Amino acid sequence: MTLSGILFGISAFSQNNNRPVKKPDSVKARQETFLEKMRALASKSAKESREDFKTDNISLIQLKVINEIRVNTQNAKAYLKTSSDTAGIKNYLAKLKSVFKIASEGVFTNVGSIQTYRNLASTKRILRELLETTTRIKKNLDARQEAFTGYHYKLDSLSTIPELFALPKDSASVADYLKTLGTVAYETAPMDSILKARSLQIQKQLNTYNLAISQLTNSIEQAEQYERSMASNTLNRELPYIWQHPKHFRDFKEIIKFSLEKNLLTLKYYVGNNLSKLVVILLLVFCSFLYLSALRNIYTRKGLLKDDMDGQLVIRYPLLSAIVIVLSLFQFILISPPFTLSLIIWVISIISLTVLFKNFITNYWMKVWLFMVLLLLVSSFSNILLQASRDERWLMLGFSVVGACTGIVILMQKKYSELKEKWICYSIYVMVLFEAASALLNIYGRFNLSKTLFLVGFLNVVISILFLWVVRFINEGLLLAFDVYTVQDRKLFYLNFGKVGSKAPAILYFLLVLGWLVIIGHNFPQFDLLSTPFLELLDRERQIGDYSFNINGLLLFFGIMVIAVIASKIVSFFTSDDHLVNSKNEQSAKKGLGSWVLLVRLVILCIGLFLALAAAGIPLDKITIVIGALGVGIGFGLQTLVNNLVSGLIIAFEKPVNVGDVVDVDGQGGTMKSIGFRSSVISTFDGGDLVMPNGDLLNSHLMNWTLAGGRRRISIDIGVSYETDLKKCKNLIIGILESEERVLNNPKPVVQFEQFGENSIELKILIWTRNLKENSSTKSDLIITINESFKQNGIKIPFSQQEIYLHSPNGL
């Protein structure tokens, strides 16, 4: 029974009950019977309603579950379409085995007579690259395995919901529902099987990768153990005396072949992982080239270049100088580069410096330089060989003796006066010491230490020469800039080029020595043992409250911010340098940039800040605390600073004044030199620089003559005697003004008589000049011309006179 039926029965009963008739006992009995029936009817209806509600609820759950099963199935199908490259994974495993075989050569297989430090270092580097790549692939496989398992688990959990198996009471509904279940089962059954198969397939791949990772990890630990043992037994004898019967050595050609293959493999992996750093180095070379080219163009236009380039070698070939400076200084951003990459960097720098040396240094020292480069190439070839051989030992002995003897001869000839950099002599002393020690150690079978000293002996001379000339080039560049820019300027970072150029700052020499130690020390096995704890210290996570950080992240943050600041200053330099302007069109275009430079610099700094925060891993929610603290600081004591910063932005957007505009600020005239974040600089006509906060600049009475078209009216006041023919005087002056080319004809010049003065009739001349900068000279020339014309035409310019009467007492 429905709710409407119950309500109808109650309504009928109420109507019968309200009739005004006498109620006998039989009527009362019928009424009670009717009430009992109604109670039974209500109870039955309530039960049916509960069952209907339960049935409807089950239907809704069934519909929801079926939809979820279908959606999960579709998601699983879509994920399967993005499945990983199974063939690629198998190919990588094959490649992994091949590369591992190459890396193991000479360390775990075909060991030969002894282990060599270079071979261990190359093996360890390759194995670490393989481990990193393999671990990355394994993480991707773990993610896919988790996804497949999740889809399969969700399908199973949805399929076991009890409501899914509750059938409707209606036979027609049962048939429809069973048909829907059949369709869902038809759709999900294959997907369930596919998910199981894919999950099993990935599990097999994971097992293989886990085994590979374990093997790589064990191999790296074993190589590090060999390295530690070698470092602790550096002075132990490894081979028999050079004149004794040798141990078994591999064929020299085989050693060369596998060494080249292994070195190229190491180089390939390192370059692939550090490509961004190499791009940064190239960009730095380009920026340095632009700066040095600008200096050379200035000196060329001014005719200041010397024939012998003494003191100007840095701008002889700007590109080569930029290569030498940048590669020598910024090679250290490459952390632990392979020897092959370092050698390429050194060779490029050596070739560039050799070209710069041509016809600049004496023939004697040019020959010494070339011979040292040759010895370095020979020792580098020896260092590339990753296994010991008898041929290499004799090669090392011969050239180490030649190097030591050459150094002694150079020192005995004492041609120090011809040296441009005297410190080179000290590196030659070190070379003689290292090469002599290398020869002795080689003779007595200390092969690894002998090989290291054989390389670093020649390397120390070449690197010392490179670094000393880098400092010299920096000095020359700063000194040449000082000759062009005679004042300390914002765009030149407020450097005193005269002081810096006369003698290199001590910090440069300190960095020179530190870089020399790093390059030389990197060739010893002890270097990694000492540097590894330091690098781990920098990379160790530290905790302050809920925030975790490491020193590397902080250094990266400050490094990116420094680069952003330098980049913004470089933009300011190249947009405000008048020496880089070659024509009037370029000058006007540069002035048109104006305050846009401020916006560009602001964008660079903002991008740098966000990149630094992201690179350092600083969460942005922590920045809100800093912003809140700044808000408190602004409220108490930074109002003026914020006012100036905001005023700078207003100037940048509204452009009431631009760089290069001629302005008057509260009676102080000058040219707008720069517009900064907090303050602006005005070059006054007196030669000084007026630094004015941006807030004061906006609040002051600013007169922008450039904005008005670069014109300014000139007023000349003259007095003529009362006997003067005024019409003739006026015609003379108008004729002079019309003949002057610097005076504009539109608006026309005005000559008007102002008033009768005490001694003269006063007149005023009002003219407009073509160029604001010609006002003073035009006024001066007009006064001279008018005075001469007046003299020629008998017009007098009276001047004040006083007559003094002396009265004598008593008529004396």
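No experiment lies behind these values; they were computed from the predicted model shown.

**Q** So what's going on with the nonpolar core? Which residues, and what values?
**A** The tendency in soluble globular proteins is for nonpolar side chains to be buried as a group. L353, W369, W469 and F473 are the most contacted members of the largest nonpolar core, which has 79 residues in total. Here this core gets 22 residues from one element, more than from any other, and that element is helix α13 (residues 447-484). With sequence-adjacent residues up to four places away left out, F473 is seen in contact with L313, V314, V324, I325, L353 and L356. Formed by 38 residues, the second largest nonpolar core is a distinct cluster that contains I66, L96, L141 and Y269.

**Q** Please give an account of the confidence of the model for the chain that cites residues and values.
**A** Residue-level pLDDT values for the chain average 78, and 80% of them are 70 or greater. No element of the chain has a lower mean pLDDT than helix α14 (residues 497-502), at 43, and none a higher one than helix α9 (residues 339-357), at 93. Scored below 50 in pLDDT, residues 1-11 shows 11 contacts in the model against residues more than four places distant or in partner chains. Confidence over residues 577-594 falls short of pLDDT 50; this stretch has 28 contacts with residues more than four positions distant or in other chains.

**Q** Provide a residue-level description of the packing of helix α23 (residues 726-739) against helix α24 (residues 775-792), including the pertinent values.
**A** Two elements in contact, α23 and α24, have axes separated by 10 Å at closest approach and are oriented at 140°. Relative to α24, the element α23 is oriented oblique. The way α23 lies across α24 gives a crossing that is right-handed. Here C729, L732, I733, I736 and L737 of α23 lie close against α24, whose contacting residues are L782, T785, I786, S789 and F790. Among the residues making up the contact of α23 with α24, the classes are represented as eight nonpolar, two polar and no charged.

**Q** Outline the sheet that holds strand β10 (residues 761-768), supporting the account with residue identities and numerical values.
**A** If you walk across this open sheet you meet the three strands as β8-β10-β9, and the pairing is antiparallel. The open sheet terminates on both sides in strands that have one partner only, identified here as β8 (713-720) and β9 (750-756). In this sheet, adjacent strand axes meet at a mean angle of 25° when their direction is disregarded. Lying on the sheet, α24 is in contact with β8 and β10; it crosses β8 at an angle near 25°.

**Q** Summarise the sheet that holds strand β3 (residues 662-665); cite the residues concerned and give the values.
**A** In sheet architecture, strand pairing relies on hydrogen bonds along the backbone and comes in two forms, parallel and antiparallel. Here we have five strands laid out as an open sheet, ordered β6-β5-β4-β3-β7, and antiparallel in their pairing. Strands with a single pairing partner mark the edges of an open sheet, and in this sheet they are β6 (689-693) and β7 (702-704). Between one strand axis and the next, the sheet turns through 40° on average, direction left out of account.

**Q** Residues and numbers for the pairing of β10, please.
**A** One face of the sheet, then the other: side chains in a regular strand alternate in exactly this way. Bridge count for β8 against β10 is eight bridges, and the pairing is antiparallel. Bridge pairing links D717 to K764 in β10. Sheet analysis places β9 next to β10, joined by six bridges and oriented antiparallel. Across the sheet, Q752 pairs through a bridge with K764, a residue of β10. Between the antiparallel neighbours β9 and β10 lie four residues.

**Q** Give a detailed account of the packing of aromatic side chains, specifying residues and quantitative values.
**A** This model, assessed by the stated rule, comprises 12 aromatic pairs. Seen in terms of ring centroids, F357 and W369 are 5.6 Å apart; in terms of plane orientation they differ by 85°. Their pairing is edge-to-face. Residue F357 is found in helix α9, and its partner W369 is found in helix α10 (residues 363-384); the two are separated by 12 residues along the sequence. For the residue pair F357 and W369, the accessibility class agrees, reading buried in each case. Here Y364 and W365 contribute two aromatic rings whose centre-to-centre distance is 5.2 Å and whose plane-to-plane angle is 85°, an arrangement assigned as edge-to-face. For the pair formed by Y364 and W365, the shared burial category is buried. Taken together, the ring pairs connect F357, F360, W369, W469 and F473 into an aromatic cluster. One residue, R237, lies across the ring of Y241, its end atom 3.9 Å from the ring centre.

**Q** Explain the environment of E758 to me, and be specific about the residues and the numbers.
**A** Inspection of the secondary structure assignment puts E758 in the loop between β9 and β10. A C-alpha to C-alpha distance of 10.0 Å links E758 and F799, two positions 41 residues apart in sequence.

**Q** Explain the environment of D192 to me, and be specific about the residues and the numbers.
**A** With respect to the element layout, D192 can be found in helix α5 (residues 171-232). The spatial distance from the C-alpha of D192 to the C-alpha of F148 is 9.9 Å, given a sequence separation of 44 residues. Non-local contacts of D192, meaning those with residues more than four positions away in its chain, are made with H152 and D156.

**Q** Give me unusual backbone geometry: which residues, what numbers.
**A** At S336, a position not held by glycine, the phi torsion is positive, near 45°. On the basis of relative accessibility, which here comes to 28%, the residue S336 falls in the partly exposed class. We note that N359 has phi near 60°; this positive angle belongs to a residue other than glycine. Looking at where N359 falls in the secondary structure, it is placed in the loop between α9 and α10. Given the relative accessible area of 70%, N359 is considered exposed.

Criteria and cut-off values
Residues numbered from 1 in each chain as written. Predicted model: local features only at pLDDT ≥ 70, side-chain atom pairs only at ≥ 80, totals over all residues. Heavy atoms only, no water. Core = buried A, V, L, I, M, F, W, Y, C linked by side-chain atoms within 4.5 Å. Buried < 20%, exposed > 50% of the residue type's maximum accessible area, 1.4 Å probe, protein only. Helix = DSSP H or I, 4+ residues; strand = E, 2+ residues; numbered from the N terminus. Contact = heavy atoms within 4.5 Å. pLDDT = per-residue confidence, 0-100. Axes fitted to C-alpha atoms, helices over the stretch in contact; angles between N-to-C directions. Parallel < 35°, antiparallel > 145°, perpendicular 65-115°, else oblique. Left-handed = near helix turned anticlockwise from the far one by under 90°. Nonpolar A, V, L, I, M, F, W, Y, C, P; charged D, E, K, R; others polar. Pairing = 2+ DSSP bridges. Phe/Tyr/Trp six-rings, centres within 6.5 Å; stacked < 30°, edge-to-face > 60°. Lys NZ or Arg CZ within 6 Å of the ring centre and 35° of its normal.

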